[in-house]
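Next come the chains, spelled out residue by residue.
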Amino acid sequence: MSVELERYEQGFRRAGLPLFIEDFSPTHDIFTRATPLLVLVFLAEMLGATSLDWRWWQNLLAALGGLVALVAGFGLLNRSRGRPFWSLPTRFGIPELAVFVLLPALLPLVTQEQVRQFFGIAAGNLLLVGLVYAVVGYGLIGTTLWGLRRLAGELANSVASLVRALPLLLIFSLVLFITADTWQVFAGMPVAFLVLLAVGFAVLSNLFLMLRLPRELEAIERDVSSGPPLRRVQRMNLSLSLVIRQWMQVLVVSAGVGLFFVAFGMLAISDHIYQQWGIDHGHWSHTLLVLDHPVVISSSLVKVAIGLATFTGLYYSIALLTDATYRADFLENLTTELRTLFVTRAEYLELRSQLPDHAGG
């Protein structure tokens, strides 16, 4: 029966839902799984004891001394926790994390009196601990890999959504695409600004999804769940997983719209229109012959297509939960998947309750 239980738990991990595992613990399951990364970073930070102003042999001695200090510090912690001196920790509690954050940061402070470097290394290690907790604890890697494994199905859903969305999206976007003002804005925009615009719109769309999805999730859970209610962290884990999946779908839709405008612009925007609008080709351009008709692809065209694609992605992510047509289709698919998930969770909890270690717990 324990093998069957492990199968359920592995399924939760692969789906990016590790917090659905009842015994999931930060000290056992999060930081312990990231031990190789933490050890590698910990050992690399012995270089904090070195200095560019020293001779090579002085740096070598300082690095070796830093390595001895790091190993000795963790070894003494192991002994105080009742573990063998040379063992890797089987659990990461507050003492282990404090040693990981502070001990390497002390090396430049002791050897070179570098207070700024001490705070920099400590802050970097603390940020790494936070990232490990978020990525492993909330299953971001598992969610992404699960989404990539289902990319064909998600792509089919995204293409279907794109086909349904095209009439409204194109009416809105085509009007903008064939105006000189739009070209002057995007074609003259630095690449860094265009990237910042795309990132900003992605953040806005994800923020909207994260604000709306939990409420939709609670409503669906009340309707279809057959087991005990989700805990807050489990609901957050599921919401984050759904946001990542929907972001991947929005990305596919945005990419499809962007490619459409590149193709449409090559056919519809000729050199004559470039000159009439006072738009140059940008940093690069190529003219191709298609059925004896010259078509132009340029960096300016790509910038305009990307700019309109980011607007489209933002609109589509909002329409998923506000427009009646998109919302009904989106929630129907979501309800079907969550019903399966809740049934699986109920079977998992029932199986756990039958084990001797968990009966009555």
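Computed from a predicted structure; not experimentally measured.

Student: Give me the lowdown on the overall build of the protein, citing residues and values where you can.
Tutor: Each helix and strand in the protein was counted, giving 14 helices and 2 strands. Burial analysis of the protein (361 residues in total) assigns 42% to the buried set. Put simply, 73% of the contacts in the protein that link residues at least 6 apart link residues at least 24 apart.

Student: Got a sec to walk through the environment of Asp-280? Specific residues and values, please.
Tutor: Tracing the sequence through the fold places Asp-280 in the loop between helix 12 (271-277) and strand 1 (285-290). As for Asp-280 and Ala-187, which are separated by 93 residues in sequence, their C-alpha atoms are 8.2 Å apart.

Student: Please set out the pattern of salt bridges residue by residue, giving values where relevant.
Tutor: Where charged atoms of side chains with opposite charge meet at close range, the side chains can pair. According to the stated counting rule, one finds 4 salt bridges in the structure shown. One salt bridge in this structure joins Glu-22 and Arg-231, with 3.2 Å as the shortest N-O distance. Separated by 209 residues along the polypeptide, Glu-22 in the loop between helix 1 (2-14) and helix 2 (26-30) and Arg-231 in the loop between helix 10 (191-224) and helix 11 (232-268) bring together distant segments of the chain. Overall, the relative accessible area of 26% leaves Glu-22 in the partly exposed class. On the basis of relative accessible area, Arg-231 is assigned to the partly exposed category, the value being 37%. Linking Arg-83 and Glu-96 is a salt bridge whose minimum nitrogen-to-oxygen distance equals 3.0 Å. Taken as a pair, Arg-83 in the loop between helix 4 (56-80) and helix 5 (94-112) and Glu-96 in helix 5 lie far apart in primary sequence, 13 residues in all. Each member of the pair Arg-83 and Glu-96 is classed as buried.

Student: Before we move on, can you summarise the packing of aromatic side chains with the specific residues and values?
Tutor: Enumeration according to the criterion identifies 14 aromatic pairs in this entry. A centroid spacing of 5.6 Å and a plane angle of 85° characterise the contact between Trp-183 and Tyr-274, whose relative ring orientation is edge-to-face. In this pair, Trp-183 sits in helix 9 (residues 180-187) while Tyr-274 sits in helix 12, placing the two residues 91 residues apart along the sequence. With relative accessibility at 2%, the residue Tyr-274 sits in the buried group. An aromatic cluster of three or more residues is present, and its members are Phe-177, Trp-183, Phe-260, Phe-261, Phe-264, Tyr-274 and Trp-277.

Student: Please give an account of helix 5 that cites residues and values.
Tutor: Between the first and last C-alpha of helix 5 there are 28 Å, a value that for 19 residues agrees with the 27 Å anticipated at 1.5 Å per step. At Phe-100, helix 5 shows its strongest bend, of approximately 25°, with the proline Pro-104 following within four residues. Those residues of helix 5 lying buried are Glu-96, Leu-97, Val-99, Phe-100, Val-101, Leu-103, Pro-104, Ala-105, Leu-107 and Pro-108. Following helix 5 by one or two positions, Glu-113 has its phi on the positive side, about 55°.

Student: For helix 9, give the residues involved together with the corresponding values.
Tutor: Along helix 9, the residues classified as buried are Thr-182, Trp-183, Phe-186 and Ala-187. Across the axial projection of helix 9, the buried residues extend over an arc of 105°, all falling on one side.

Student: Could you give an account of the packing of helix 10 against helix 11, with specific residues and numbers?
Tutor: Direction vectors running N to C along helix 10 and helix 11 enclose 130°, while the axes themselves pass 9 Å from each other. The orientation of helix 10 relative to helix 11 falls into the category oblique. At the point where helix 10 passes helix 11, the crossing takes the right-handed sense. Taking contact as the criterion, the partners of Ala-202, Asn-206, Leu-209, Met-210, Leu-213, Pro-214, Leu-217, Glu-218 and Glu-221 in helix 10 are, on helix 11, Arg-235, Leu-238, Ser-239, Leu-240, Leu-242, Val-243, Gln-246 and Trp-247. Classifying every residue of the contact of helix 10 with helix 11 by side-chain character gives 11 nonpolar, 3 polar and 3 charged.

Student: Describe in detail the nonpolar core, supporting the description with residues and values.
Tutor: Core analysis: the biggest nonpolar cluster contains 51 residues, and Phe-31, Leu-38, Leu-238 and Leu-338 have the highest contact counts within it. Of all the elements in the fold, those that place two or more residues in this core are helix 1, helix 3 (35-44), helix 4, helix 5, helix 6 (115-137), helix 10, helix 11 and helix 14 (324-354). For this core, the element with the highest residue contribution is helix 14, accounting for 8 residues. Among the nonpolar cores identified, the runner-up in size contains 21 residues, and Leu-194, Ile-269, Val-296 and Leu-301 belong to it.

Student: Which residues make up the packing of helix 11 against helix 13 (residues 299-322), and what values go with them?
Tutor: Running from amino to carboxyl end, helix 11 crosses helix 13 at an angle of 145°, the nearest separation of the two axes being 8 Å. Considering the relative orientation of helix 11 and helix 13, their crossing is right-handed. Residues Gln-246, Gln-249, Val-250, Val-253, Ser-254, Val-257, Gly-258, Phe-261, Val-262, Gly-265 and Met-266 of helix 11 form the contact with helix 13, whose own contacting residues are Leu-301, Ala-305, Leu-308, Ala-309, Thr-312, Gly-313, Tyr-316, Ser-317 and Leu-320. Within the contact of helix 11 with helix 13, the residues separate by chemical class into 12 nonpolar, 8 polar and no charged.

Rules and cut-offs
- Per chain, the residues get numbers from 1 upward, laid out in the order the sequence is written.
- For a predicted model such as this one, the threshold for reporting local features is a pLDDT of at least 70, and the threshold for listing and counting side-chain atom pairs is 80 or more; totals across whole chains, interfaces and linings nevertheless cover every residue.
- Where side-chain values are given, they derive from all heavy atoms of the structure, hydrogens and water being excluded.
- Only DSSP runs of H or I with at least four residues qualify as helices, and only runs of E with at least two residues qualify as strands; both kinds are numbered from the N terminus onward.
- Only protein chains enter the accessibility calculation, which uses a 1.4 Å probe; a residue whose area is less than 20% of its type maximum is buried, one above 50% is exposed, and one in between is partly exposed.
- Only heavy atoms matter for contacts: two residues are in contact if any of them lie within 4.5 Å across the pair.
- Salt-bridge detection follows one rule: a side-chain nitrogen of Lys or Arg within 4 Å of a carboxyl oxygen of Asp or Glu.
- Stacked, edge-to-face and tilted are the three classes for Phe, Tyr and Trp ring pairs, Trp counted by its six-membered ring, which pair at centre distances within 6.5 Å; planes under 30 degrees apart are stacked, over 60 edge-to-face, the rest tilted.
- Any helix carries an expected span of 1.5 Å times its number of residues minus one.
- We define the bend at any residue as the angle between the axes fitted to the seven residues before and including it, ending there, and the seven starting there.
- In this description, the arc belongs to the directions extending from the helix axis to the C-beta atoms.
- Fitted lines through C-alpha atoms give the axes, limited to the stretch in contact for helices. The angle between two N-to-C directions lies from 0 to 180 degrees.
- Note on terminology: angles under 35 degrees are roughly parallel, angles over 145 are roughly antiparallel, angles of 65 to 115 are roughly perpendicular, and the others are oblique.
- Whether a crossing is left-handed or right-handed is set by the direction in which the near helix is turned from the far one by less than a right angle, anticlockwise for left-handed and clockwise for right-handed.
- Under this grouping Gly is polar, as are all residues other than the nonpolar Ala, Val, Leu, Ile, Met, Phe, Trp, Tyr, Cys and Pro and the charged Asp, Glu, Lys and Arg.
- We define a nonpolar core as any set of buried Ala, Val, Leu, Ile, Met, Phe, Trp, Tyr and Cys residues linked to one another through side-chain atoms lying within 4.5 Å.

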